[in-house]
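The chain contents come next:
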Amino acid sequence: MRYTEYGLEIELEELRRMLDYAENRAQYGNMERRLYIKGGDRPTIKQYCCYAECNPINHTYSAK
């Protein structure tokens, strides 16, 4: 994953791994079954918890 002049560039295999992990966290880790993409100079991809006590997962940092 890298930031380009066109936006956030993600290889398809990397996107598949990210989605598999997000789906696993939704099924077994109390995370929402949706991802939020925030644009701007440094876009982020986050998955929030179903409960207010836990922190969101920033999938932008977990990508290679």
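What this report covers is the structure whose coordinates are included nearby. Residue indices begin from 1 for each chain and proceed along its sequence in written order. With pLDDT at 70 or above as the cut-off, local features in this predicted model cover only qualifying residues; side-chain atom pairs require 80 or more to be listed or tallied, and sums for whole chains, interfaces and linings still use all residues. By convention in this description, side-chain values take in all heavy atoms of the structure and omit both hydrogens and water.

### Concerning the packing of aromatic side chains
Using the following cut-off: Ring geometry is summarised as follows: Phe, Tyr and Trp rings, the Trp one being its six-membered ring, pair when their centres sit within 6.5 Å, and such pairs are stacked at plane angles under 30 degrees, edge-to-face over 60 and tilted between the two. In this description a helix means any DSSP run of H or I spanning at least four residues, a strand means any run of E spanning at least two, and both kinds are numbered starting from the N terminus. Only protein chains enter the accessibility calculation, which uses a 1.4 Å probe. A residue is then buried if its area is under 20% of the maximum for its type, exposed if over 50%, and partly exposed in between.
Inspection of every chain in the model, using the stated rule, returns 1 aromatic pair. Between Tyr 36 and Tyr 48 the ring centres are 5.3 Å apart and the planes differ by 70°, which places this aromatic pair in the edge-to-face class. You can see Tyr 36 sitting in strand β3 (residues 36-38) and its partner Tyr 48 sitting in the loop between β4 (44-47) and β5 (57-58), a full 12 residues away along the chain. Under the relative-accessibility criterion, Tyr 48 is labelled partly exposed at 35%.

### Some points on the pattern of salt bridges
As a reminder, the rule being used: Whenever a carboxyl oxygen of Asp or Glu lies within 4 Å of a side-chain nitrogen of Lys or Arg, that contact is scored as a salt bridge.
Counting across every chain of the model gives 4 salt bridges. Ionic pairing is found between Glu 9 and Arg 2, a salt bridge with its closest N-O pair at 2.9 Å. Under the relative-accessibility criterion, Glu 9 is labelled partly exposed at 32%. Close ionic contact of Glu 23 with Arg 33 constitutes a salt bridge, the shortest N to O distance being 3.9 Å. Highlighted residues: Glu 23 in helix α1 (residues 12-28) and Arg 33 in the loop between α1 and β3, separated in sequence by 10 residues. Taking relative accessible area as the criterion, Arg 33 reaches 63% and is therefore assigned exposed.

### Some thoughts on the state of the cysteines
The test is simple: When two cysteine sulfur atoms lie within 2.5 Å, the pair is treated as a disulfide.
Evaluation of the coordinates by the stated rule reveals 1 disulfide. With a sulfur-sulfur separation of 1.8 Å, Cys 49 is cross-linked through a disulfide to Cys 54. Of all cysteine sulfurs in the structure, the one in Cys 49 sits closest to Cys 50, which takes part in no disulfide; the separation is 5.9 Å.

### Comments concerning the side chain of His 59
Worth spelling out the cut-off: Residues adjacent in sequence count toward polar contacts only when both atoms are side-chain atoms; beyond that, a polar contact is any pair of N or O atoms within 3.5 Å, and within protein one must be able to donate a hydrogen and the other to accept it. Contacts: residue pairs with any heavy atoms within 4.5 Å of one another.
Structurally, His 59 is set in helix α2 (residues 59-62). A relative accessible area of 0% places His 59 in the buried class. At 2.9 Å, the side chain of His 59 forms a polar contact with the side chain of Gln 47. Those residues in contact with His 59 that sit more than four places away from it in its chain are Met 1, Met 18, Tyr 21, Ala 22, Leu 35, Ile 45, Lys 46 and Gln 47.

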